[in-house]
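# Structural features, examined
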Amino acid sequence: MKILVVGGGGREHAIIKKLKENEKVEQIFALPGNGGIAADATCVAIGAKDIPAIVEFAKREQIDFAVVAPDDPLVLGAVDALNAEGIPCFGPRANAAIIEGSKVFSKNLMKKYGIPTARYEVFTEAEKAISYLEDAPIPTVIKADGLALGKGVIIASTREEAVAAVRSMMEDKQFGESGSRIVIEEFLTGPEVSVLAFTDGKVIRPMVSSMDHKRALDHDEGLNTGGMGTVAPNPYYTEEVAQVCMEKIFLPTVAAMNAEGRTFSGCLYFGLMITPDGPKVIEYNCRFGDPETQVVLPLMESDLLTVMMACANGTLADVEVKFSTGSACCVIMASKGYPGKYESGCPLELPADDADGFIYVAGAKREDGKLLSAGGRVLGVTAVADDLGKAIQKAYERVERVGFANGYFRSDIGARAMLALQK
Ligand code: AMP
Ligand code: GLY
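Let me sum up the structure you'll find in this document. (Residues numbered from 1 in each chain as written. Chains lettered and ligands numbered in written order. Predicted model: local features only at pLDDT ≥ 70, side-chain atom pairs only at ≥ 80, totals over all residues. Heavy atoms only, no water.)

### Overview of the overall build of the protein chain
Here is the rule: The helix and strand labels rest on DSSP assignments: H or I over at least four residues marks a helix, E over at least two residues marks a strand, and numbering proceeds from the N terminus. When a residue's accessible area, from a 1.4 Å probe over protein chains only, is under 20% of the maximum for its type it is buried; when over 50% it is exposed; and in between it is partly exposed. Pairs of residues are marked as contacts when any of their non-hydrogen atoms sit within 4.5 Å. Per-residue accessibility takes into account occlusion by the displayed protein chains alone, with areas from the Shrake-Rupley method and a 1.4 Å probe. For the purpose of counting charges, residues Lys and Arg are taken to be positive, whereas Asp and Glu are taken to be negative. His and the chain ends are not included. Positions of charges follow a simple convention, taking NZ of Lys, CZ of Arg, CG of Asp or CD of Glu.
Assigned secondary structure in the protein chain consists of 13 helices and 23 strands. Overall, the C-alpha framework of the protein chain stretches about 60 × 45 × 45 Å when taken along its three principal axes. Burial statistics for the protein chain: of 423 residues in total, 56% are counted as buried. For the protein chain, long-range pairs separated by at least 24 residues make up 68% of all intrachain contacts whose partners lie at least 6 apart in sequence. Working note: accessible area of the protein chain is about 17,600 Å², and carbon and sulfur atoms make up 50% of it. Considering the protein chain, the positive charge centre built from 44 side chains and the negative charge centre built from 57 side chains are found 1 Å apart.

Following this line, the structure appears as structure tokens:
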């Protein structure tokens, strides 16, 4: 089979490595991929948002199955366009990808169908939002409606900060049109859990849970990033919490999307907070998380291609979705300066993969046969082991063997999870 994967980060590298385990896979194209992914797939210089070029390429190469991984092309309708040409795809159509593409949509969906989430108000005018803030509880959370490269959420710990956030989103258009509508919501507390789930719109099969580390520096300090590391499973996601989530969140979300005529098939990502009142949805994503995928897929025992195809053709109930009982840890190595300004072009030396370790390349280019950094997040260094402590130790041992002079990483990925396990 000829497979096409749209995207070019660490998440896509993890997906590609997993897809390659199926012996029916003859060739994988990554659009655009990156210099590190090139070791595992044929990279083609077509941008992930260039839908006409993606469709044209898929037709020309007679692609048998496509996986659209990033949010932008999904929201822009890449799956609709590929399906229209008869190419089966893993991923939601645009009318379902809106669950990530519009926070106003997802909040209204949760309210309408009684899915637990933070209380909120929607505003389309800055002055109304600002007068609401006069006696809103503080801290408060301000969210731009549309996609904003994961940066459209501001947690304001004073009223002044909240007002400034509203002005920068609605008046200064800090996130472009994404901020022309905003959500102001209640600040929730509790540990966060990411749950990715396969769904064909009828059944939903959660994958092993995970924990992201969003801040740039140790002890959750520094700026918000796309994610500096992950561990799986997440110790806060107990059997009991999982049951509540299935009953109150996962199944109702699938049913709600169907009731709205927006059947979701693909990977539905639940960003959850385990609050004192039970689990609540912080956000939905319409895709695999990054770097959650880099710990979840290495623990998957079932065949990824089989499961993805079952999601696409509505037969997920008939296939097995199984995960190992082990643990995984992924440490992101980023360019110094990320998520602010950073330099690219630093030489990378990678130890080889082995049975319990993988290096996923998130941002790199190949020049004269050499691998060079190209991006903020550069590598995802993953290890799997029987227990979390060992997985963390192995991941850091592997990090020490990476050559990346301009790189930095957090040294406490998984530390909070270990503390939770010891309680
Ligand atoms: P997002 O960009 O939607 O992933 O949000 C970024 C982060 O903001 C989340 O991972 C949470 O840590 C935090 N966050 C978002 N919404 C809330 C909320 N209502 N209460 C507390 N923290 C929140
Ligand atoms: N790691 C968070 C995300 O993929 O949105």
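### Overview of the site of ligand 1
Heads up, the condition is: Think of it this way: one heavy atom of a residue within 4 Å of a molecule or strand is enough to make that residue near it. Polar contacts, as counted here, are pairs of nitrogen or oxygen atoms within 3.5 Å of one another; within protein the pair requires one atom able to donate a hydrogen and one able to accept it, and residues that are adjacent in sequence qualify only if both atoms are side-chain atoms. When residue character is reported, Ala, Val, Leu, Ile, Met, Phe, Trp, Tyr, Cys and Pro are called nonpolar, Asp, Glu, Lys and Arg charged, and the others, Gly included, polar.
Residues in close proximity to ligand 1 total 16 residues, the closest being Glu185, Glu186, Leu188, Glu192 and Glu283. Taking Leu188, its main chain carries an N or O atom lying 2.8 Å from a nitrogen atom of ligand 1. Between ligand 1 and Lys214 there is a distance of 3.1 Å, counted from an oxygen atom to a side-chain nitrogen or oxygen. Coverage of ligand 1 by the protein amounts to 90% of the 480 Å² it exposes when considered alone. Elements with a minimum of two residues in the shell around ligand 1: β7 (140-144), β8 (153-156), β9 (182-186) and β17 (278-285). Grouping the constituent residues of the shell around ligand 1 by class yields eight nonpolar, one polar and seven charged.

### Regarding helix α1 (residues 10-19)
Across the ten residues that make up α1, a large majority, ten, are buried. Every buried residue of α1 is accounted for by Gly10, Arg11, Glu12, His13, Ala14, Ile15, Ile16, Lys17, Lys18 and Leu19.

### Remarks on empty space enclosed by the protein
What counts here: Grid spacing is 1 Å over the protein atoms alone, the probe is 1.4 Å, and a cavity is where that probe fits but cannot get out, while a pocket is an open set with protein on both sides within 12 Å along at least five of seven lines and lining residues have an atom within 4 Å of a point. Grid points are joined across faces, edges and corners, and a volume is the space filled by probe spheres set on the points.
Tallying each qualifying case throughout the model produces two cavities of 30 Å³ or more. By volume, the largest cavity is sized at about 60 Å³. In this structure, the largest cavity is lined by Ile99, Glu100, Ser102, Lys103, Ser106, Lys107, Met110, Lys143, Ile282, Glu283 and Tyr284. Sorting the residues of the lining of the largest cavity by element identifies α5 (94-101), α6 (103-113) and β17 as the ones contributing at least two each. Class assignment for the residues of the lining of the largest cavity results in four nonpolar, two polar and five charged. In this structure, the second largest cavity encloses a volume near 30 Å³. Lining the second largest cavity we find Val68, Ala69, Leu74, Phe90, Gly91, Pro92, Cys267, Cys286, Arg287 and Phe288. Among the residues forming the lining of the second largest cavity, the class breakdown is eight nonpolar, one polar and one charged.

### A look at the pattern of salt bridges
Worth spelling out the cut-off: Only one rule defines a salt bridge in this text: a Lys or Arg side-chain nitrogen within 4 Å of an Asp or Glu carboxyl oxygen.
This model, assessed by the stated rule, comprises 28 salt bridges. A salt bridge links Lys112 to Glu260; its shortest N-O distance comes to 2.7 Å. With a gap of 148 residues between them, Lys112 in helix α6 and Glu260 in the loop between α9 (239-259) and β16 (266-275) connect regions that are remote in the sequence. For Glu260, a relative accessible area of 29% gives the class partly exposed.

### Describing the environment of Gln174
Assignment of secondary structure puts Gln174 in the loop between α8 (159-171) and β9. Overall, Gln174 belongs to the partly exposed group, its relative accessible area being 46%. Along the backbone, Gln174 and Glu56 are 118 residues apart, and their C-alpha atoms lie at a distance of 34 Å. Contact partners of Gln174, with chain neighbours within four places excluded, come to Ile154, Ser168 and Met169.

### Some details on the sheet that holds strand β4 (residues 65-68)
Put simply, the rule is: A pair of strands counts as paired when DSSP detects no fewer than two bridges linking them.
Taken together, the five strands give an open sheet; going across it, the order is β3-β2-β1-β4-β5, and neighbouring strands pair in parallel fashion. If you trace the sheet from one side to the other, it starts and ends with β3 (42-43) and β5 (89-90), each paired once. Bridge count between strand β2 (residues 27-32) and β3: two bridges; the pairing is parallel. If you follow Phe29 over to β3, its bridge partner there is Thr42.

### Observations regarding the packing of α5 against α6
Our working definition: Only the contacting stretch of a helix is used when fitting its axis, a line to C-alpha atoms as for every element, and angles between N-to-C directions run 0 to 180 degrees. Reported orientations rely on four angle classes, namely roughly parallel under 35 degrees, roughly antiparallel over 145, roughly perpendicular from 65 to 115, and oblique for the rest.
The N-to-C vectors of α5 and α6 enclose an angle of 90°; their axes lie 6 Å apart at closest approach. Classed by the angle they form, the pair α5 and α6 counts as roughly perpendicular. From α5, Ile98, Ile99 and Gly101 reach across to α6, where they touch Lys103, Phe105, Ser106 and Leu109. Tallied by class, residues from the contact of α5 with α6 come to four nonpolar, two polar and one charged.

### As for the pairing of β2
Heads up, the condition is: With the strands pointing away from the viewer, any crossover whose connection runs clockwise from the first strand over the helix to the second is right-handed.
As judged from the six bridges shared by strand β1 (residues 2-7) and β2, these two strands associate in the parallel manner. Bridging from a neighbouring strand, Val5 pairs with Ala30 of β2. Read from β1 through α1 to β2, the crossover connection turns out right-handed.

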